[in-house]
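# Architecture at a glance
Take a look at the letters that make up each chain.
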Amino acid sequence: MPPAAATKLGCAPPDGGWGWAVVFGAFISIGFSYAFPKSLTIYFKEIQEYFSVSYSEIAWLSSVMLASMYAGGPVSSILVNRFGSRPVVMVGGLMVSAGMVLASFGTTIMHLYLCVGVIGGFGLALNLQPALTIIGTYFQVKRPMANGLAMAGSPVILFTLAPLNQFLFDSFGWRGSFLILGSIVLNCCVAGALMRPVHRNAKPKSGTEPQRNGAPAEEAAEQSADLLTGERQDGSERHGCLSKFIDVSLFKHRGFLIYLVGNVVMFFGFFAPVVFMAPYAKHQGVDEYSAAFLLSIFALVDMFMRPATGFIGNSKWIRPRIQYFFSFAVSFNGACHLLCPLLPGYAGLVVYAVIFGLAFGMVCALLFEVLMDLVGAHRFSSAVGLVTIIECAPVLLGPPISGALVDIYGEYKSMYYACGVFMLVPGIFFFIMHYFNYKRLDEEKKQSVAVDMRTCEEAVKLSRAHGADG
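Residues numbered from 1 in each chain as written. Predicted model: local features only at pLDDT ≥ 70, side-chain atom pairs only at ≥ 80, totals over all residues. Heavy atoms only, no water.

## Thoughts on a negative patch on the surface
Negative charge collects at one region of the surface, where E49, D170, D287 and E288 lie side by side. Here D170 is to be found in helix 9 (residues 153-184). (Patch = residues over 30% accessible without salt bridge, like charges linked within 9 Å, V, L, I, M, F, W, Y side chains within 5 Å. Areas by Shrake-Rupley, 256 points an atom, 1.4 Å probe, with all protein chains shown as cover. Salt bridge = Lys/Arg side-chain N within 4 Å of Asp/Glu carboxyl O. Lys, Arg positive; Asp, Glu negative; His and termini not counted. Charge placed at Lys NZ, Arg CZ, Asp CG, Glu CD. Helix = DSSP H or I, 4+ residues; strand = E, 2+ residues; numbered from the N terminus.)

Now the structure itself:
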């Protein structure tokens, strides 16, 4: 698979050892990054009544938080490239904690937008990026498995926080709950402490490197990196002030552009169904604890699906064409949302929560693995930074647009239909574009092999000619 981290990072990834402690740290860090904005939806109805705001206005709270997390991607990437993952994650944990504590004293919805949304969201960005990046430096052969386990942190923490938030609200109100959550999120600092830099003098493990089309791993990685980039990359050619901090040449990368275009459309409908799951249940007359329990069911299924997807994606049948697996997962999400309004009663909501948990877990487990598969571990930090800054627009606008649909039509069906379309269309787009991309890569590989053979033949002829002259 492309490209081996050892080839570009100057060392062979250990594929184990302290790497599993790093995966545990990433499990916590990624878990809080994705679960925290979702878990706060438990407080939405009460905050909405407290400040007398609309569905659309309250939806902006999680949107601003998620958008700030995505918009902070390039800054986080620059800091990781400069200082490493450990200090960046620890600072991020402190920022989220400070944001929640300040929000507990909020007097207007705008105050919450600033404290929870901007400060907390940017702190989550400093948690997410480093955790994703450091896994690629510790794992190559077992990377999909490691990514799947780390991404399972989100449903595990959501499964814990959903009922905990309901208990905290009943006991302390939303202000007291925010204050307590500010202390709980400090666990991200502990997670960051586990992320020590990989030992750069590590030597490759004999017999453990993967094969690609029969070629040795290092050679295959170089070929794969060249093919997936669409051109020979030379570090000396990268110049300019911006390129010193982040690799903007990725915008010439064919696979990266496919990933980016599809994800921009996908994220308009990615988070809204989770944000409105509990409010939708309450709208249908379900009591508060049963509505919160839907999130727990969703998170429980998601929790097991993410590592399972990692194991499946690591198999010899799936990994060579893992982009198709991701395309299926995105399409499955879209079909799930289109079916949601057709399922009646609380039993129907439970069925939807289970199916949605399966589909959502598949996408989340593969979301960053397929990006690393396309661009390689050595360019992954820059790729994530560029992707997240562009995706912050649909992440920011998706839930409020969905909330506006609820305000306009007075029910949630139109919102779920819209989210289904936003997921299904990019899923089909991924299938089509990756078919042509894989076909193009195979052609380029054949051309590369032919060029190498001609080069070898010319070198042999030249050496024979020099021998005859001697």
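## Remarks on the environment of G427
Note on placement: G427 falls in helix 20 (residues 413-469). Sequence spacing of G427 and Y324 is 103 residues, and the spatial spacing of their C-alpha atoms is 9.5 Å. Non-local contacts of G427, meaning those with residues more than four positions away in its chain, are made with S327, V330 and S331. (Contact = heavy atoms within 4.5 Å.)

## Details of the packing of helix 3 (residues 44-51) against helix 4 (residues 55-71)
Across the interface, helix 3 lies against helix 4 with an axial gap of 10 Å and an inter-helix angle of 125 degrees. Accordingly, the angle class assigned to the pair helix 3 and helix 4 is oblique. Helix-helix and strand crossings are classified by hand; for helix 3 and helix 4 the assignment is right-handed. Contacts between helix 3 and helix 4 pair F44, I47 and Q48 from the former with Y55, I58, A59, L61 and S62 from the latter. (Axes fitted to C-alpha atoms, helices over the stretch in contact; angles between N-to-C directions. Parallel < 35°, antiparallel > 145°, perpendicular 65-115°, else oblique. Left-handed = near helix turned anticlockwise from the far one by under 90°.)

## With respect to the pattern of salt bridges
For the structure shown, the criterion picks out five salt bridges. The partner of R306 in a salt bridge is D302, with the nearest N and O atoms 2.8 Å apart. In this pair, R306 and D302 both sit in helix 15 (residues 288-313), four residues apart, roughly one turn of the helix. Neither residue differs from the other here; R306 and D302 are each classed as buried. (Buried < 20%, exposed > 50% of the residue type's maximum accessible area, 1.4 Å probe, protein only.)

## Looking at the side chain of H253
Mapped onto the elements, H253 comes out in the loop between helix 11 (217-229) and helix 12 (254-266). For H253, a relative accessible area of 0% puts it in the buried group. Within the local environment of H253, its side chain forms a polar contact with the backbone nitrogen of F256, the two atoms lying 3.0 Å apart. (Polar contact = N/O pair within 3.5 Å; in protein donor to acceptor, adjacent residues only side chain to side chain.)

## Digging into helix 2 (residues 19-39)
Between its first and last C-alpha, helix 2 extends 29 Å over 21 residues, near the 30 Å set by a 1.5 Å rise per residue. Its axis deflected by about 30 degrees at F32, helix 2 carries its strongest bend there. In terms of residue burial, helix 2 counts as a mostly covered element, since 18 of its 21 residues are buried. (Expected span 1.5 Å × (residues − 1). Bend = angle between axes of the 7 residues up to and from the residue.)

## Section: helix 9
An ideal rise of 1.5 Å per residue puts 46 Å on 32 residues; helix 9 reaches only 15 Å between its terminal C-alpha atoms. Of all the bends in helix 9, the greatest measures close to 115 degrees and is centred on F172.

## Remarks on the packing of helix 5 (residues 73-83) against helix 7 (residues 109-138)
In contact at an axis separation of 9 Å, helix 5 and helix 7 are set at 50 degrees when each is read in the N-to-C sense. With respect to helix 7, the element helix 5 is oriented oblique. The handedness of the crossing between helix 5 and helix 7 is right-handed. Counted together, G73, V75, S76, S77, L79 and V80 of helix 5 and F122, A125, L126, Q129, P130 and T133 of helix 7 form the full contact between these two elements. Residues of the contact of helix 5 with helix 7, tallied by class, amount to seven nonpolar, five polar and no charged. (Nonpolar A, V, L, I, M, F, W, Y, C, P; charged D, E, K, R; others polar.)

## Concerning the nonpolar core
Counting 126 residues, the largest nonpolar core has Y34 and F178 as its most contacted members. Element by element, the count of residues in this core is highest for helix 7, at 13 residues. Apart from residues no more than four positions distant in its own chain, F178 is found in contact with L40, Y43, I47, M100, V101, A103, S104, L112 and V116. (Core = buried A, V, L, I, M, F, W, Y, C linked by side-chain atoms within 4.5 Å.)

## Remarks on unusual backbone geometry
One non-glycine residue, S52, lies in the positive phi region at around 55 degrees. Here S52 shows up in the loop between helix 3 and helix 4.

## Quick word on the packing of aromatic side chains
Enumeration according to the criterion identifies 32 aromatic pairs in this entry. Considering the side-chain rings of W174 and F178, the 5.5 Å spacing of their centres and the 75 degrees angle between planes classify their relative orientation as edge-to-face. With a gap of four residues between them, W174 and F178 both fall in helix 9, about one helical turn apart. By the burial criterion, W174 is buried, and F178 matches it. Ring pairs connect the aromatic residues Y70, F267, F270, F271, F276, Y280, F298, Y352, F356, F360, Y412 and Y416, which therefore count as one cluster. Across the ring face of W18, the terminal group of R196 is positioned such that the distance to the ring centre comes to 4.2 Å. Geometry around Y438 places R321 over its ring, the cationic atom sitting 4.1 Å from the centre. (Phe/Tyr/Trp six-rings, centres within 6.5 Å; stacked < 30°, edge-to-face > 60°. Lys NZ or Arg CZ within 6 Å of the ring centre and 35° of its normal.)

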